[in-house]
Amino acid sequence: MNNKSAIRLLYFGAVLALFSSCNSDDDDDDTLGNWVKKSTFNEESRSSSTAFTIGNIGYMGTGYDGSDYYKDFWAYNMDTNSWQQLSDFPGLERSSATSFAIGNDGYVGTGYNGDTNDELSDFYKYNVDTNSWTTIADFGGSARYGAVGFGSDSYGYVGTGNDGSDKKDFWKYNPISDSWEEVFGFGGDKRKDGVTFTIGNDVYLATGVSNGVYETDFWSFNLDTEAWTQLTDVDDDDEDYVYRSNAVAFTMNGKGYVACGEYSGSLSTVYEYTPSSGSWVEKTPFELFARRDAIAFSDGARAFVALGRNGTLYLDDNMEFFPNAEQDDDDN
């Protein structure tokens, strides 16, 4: 065998070894989840909007595009894959507001408007049937932005956030008396820009940031007893991939999901939480731009992630997530 033949054999052997290695990696990659592109948002790209879901309709409004704050309000129909503009949010334009649903009514309040009042405490009720807004009692705690909000069939809850300093207080809203009452018992750390997701009668609180430190504690709140329970930190056993701030969270088929967000830059990673085992599993990352300050809609069986920003790039896209499907790039 001459030298040239020997070199050719070595070359093809190296290529074959590389190809086999790539195939082996693919075989070992059992990450599931597929993202499918859906109808793009109709109006200006933006981040830091607020959103809630009632039935198969996702409702969203407010936000910021790097220059302007917004107060327009929209509905996304999961079945028809279409957006419809609704009556404008009646308060000041703002970003980083919080929202929740009680039965068939939505509630939006707090937030930030750097043009005028900075942190805000006003709150409003949205009537789905009449497409109209009603002013309700101002938030019971201090004016703030970056809080979390969640609701039950009877009450709404708002807590954490930043009023010039980071907070950890929680407040309950009673729609019958139109009043706020502080709920005691949260033993977690102060934070802003955390997330919650609800499974059954338990609300799970995770992530967020305080004074530049990403929070790793993980809590559940029982809507019946209004008691907090501390769970295993998200960085336990070096599982530090979950913690972040400015993420979105949602529930599908009895499992919770935390997606995207910020940790020394915008993220696209997605993690699934199973309450029965207390375990986190990585899923297929969000398949368009990594992002922070997005919104999420979920009716418990379907989930969508939309909008947000990557650095100074503000986004208007919208993706549906299928957690148990194999990734298919042709869907995008």
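Every chain's residues receive numbers from 1 upward, in the order its sequence appears when written. Confidence filtering applies because this is a predicted model: local features only for residues at pLDDT of at least 70, side-chain atom pairs given and counted only at 80 or more, and all residues used for totals across whole chains, interfaces and linings. Based on all heavy atoms of the structure, the side-chain values leave hydrogens and waters out of the count.

Quick question: what am I supposed to make of the pattern of salt bridges here?
Pairs may arise between side chains of opposite charge once their charged atoms sit close together. By salt bridge we mean one thing: a side-chain nitrogen of Lys or Arg within 4 Å of a carboxyl oxygen of Asp or Glu. Considering all chains together, one arrives at 16 salt bridges under this definition. For the salt bridge of Arg191 with Asp217, the shortest nitrogen-to-oxygen distance reads 2.7 Å. Linking Arg191 in the loop between β13 (179–183) and β14 (195–199) with Asp217 in the loop between β17 (213–214) and β18 (218–222), this pair joins segments that are 26 residues apart in sequence. Accessibility classification places Arg191 together with Asp217 in one group, the buried group. A helix here means a DSSP run of H or I that spans at least four residues, while a strand means a run of E at least two residues long, and both kinds are numbered starting from the N terminus. With a 1.4 Å probe rolled over the protein chains alone, any residue whose accessible area is under 20% of its type maximum counts as buried; one over 50% counts as exposed, and the rest are partly exposed.

How do you make sense of the sheet that holds strand β11 (residues 156–159) when you look at a structure like this?
To summarise the sheet geometry, strands pair through backbone hydrogen bonds and adopt either a parallel or an antiparallel arrangement. Here, strands pair whenever DSSP counts at least two bridges between them. In space, the four strands of this open sheet follow the order β10-β11-β12-β13, with antiparallel pairing throughout. Each edge of the open sheet is held by one strand with a lone partner, namely β10 (148–151) and β13. When the angles between neighbouring strand axes are averaged without regard to direction, this sheet yields 25°. The sheet contact formed by strand β12 (residues 170–174) and β13 spans five bridges and is antiparallel. Bridged to Tyr173 within β13 is Trp180. Helix axes use the C-alpha atoms of the stretch in contact, all axes being lines fitted to C-alpha atoms, and the angles between their N-to-C directions lie in the range 0 to 180 degrees.

Explain the pairing of β10 here, please?
The side chains of a regular strand alternate, residue by residue, between the two faces of the sheet. Pairing of β10 with β11, which is carried by four bridges, proceeds in the antiparallel orientation. Bridging from a neighbouring strand, Val148 pairs with Gly159 of β11. Two successive antiparallel strands, β10 and β11, enclose a turn made up of four residues.

Just checking my understanding: could you explain the sheet that holds strand β6 (residues 98–102) for this structure?
Here four strands make up an open sheet; going across it, the order is β6-β7-β8-β9 and the pairing antiparallel. With partners counted over all chains shown, the strands left at the sheet margins are β6 and β9 (132–136), one partner each. For this sheet the average axis-to-axis angle between neighbouring strands, irrespective of direction, equals 25°. Note that strand β8 (residues 118–127) and β9 share five bridges and pair antiparallel. Looking across to β9, one finds that Lys125 is bridged to Thr134.

Would you mind showing me how to read the pairing of β6 here?
Most of β6 sits out of view: four of its five residues are buried. Across five bridges, the pairing between β6 and strand β7 (residues 105–113) is antiparallel. Pairing of Ile102 across the sheet is with Asp105, part of β7. Taken together, β6 and the strand that follows it, β7, pair antiparallel across an intervening segment of two residues, in which Gly103 is found at a positive phi of about 60°.

What exactly am I supposed to notice about the nonpolar core here?
Side chains of nonpolar character tend, in soluble globular proteins, to be buried together. Counting 17 residues, the largest nonpolar core has Phe197, Tyr204, Phe218, Val234, Val258, Tyr273 and Trp280 as the members making the most contacts within it. Of all elements in the fold, only β14, β15 (202–206) and β22 (266–274) reach the threshold of two or more residues within this core. Should any heavy atoms of two residues lie within 4.5 Å, those residues are considered in contact. The contact partners of Tyr204, leaving out residues within four places of it in the chain, are Val195, Thr196, Phe197, Ile199, Phe218, Trp219, Ser220, Leu231, Tyr273 and Pro275. Listed in part, the 15 residues of the second largest apolar core include Ala259, Phe286, Val305 and Met319. The criterion is simple. A nonpolar core is a set of buried Ala, Val, Leu, Ile, Met, Phe, Trp, Tyr and Cys residues joined through side-chain atoms within 4.5 Å.

What is the right way to read the side chain of Thr62 from this model?
Tracing the chain through its elements places Thr62 in strand β3 (residues 57–64). Taking the relative accessible area as the measure of exposure, Thr62 reaches 1% and is therefore buried. For Thr62, the contacting residues outside a window of four places in its chain are Arg46, Ser48, Ser49, Thr50, Tyr70, Lys71, Asp72, Phe89, Arg94 and Ala97.

How should the environment of Ala249 be read in this particular structure?
With respect to the helices and strands, Ala249 occurs in strand β20 (residues 248–252). Residues Ala249 and Phe197, 52 residues apart in the sequence, show an inter-C-alpha distance of 5.7 Å. Not counting the four nearest positions on each side in its chain, Ala249 is found in contact with Val195, Thr196, Phe197, Tyr257, Val258 and Ala296.

None of the figures reported here should be taken as evidence of function without further support.
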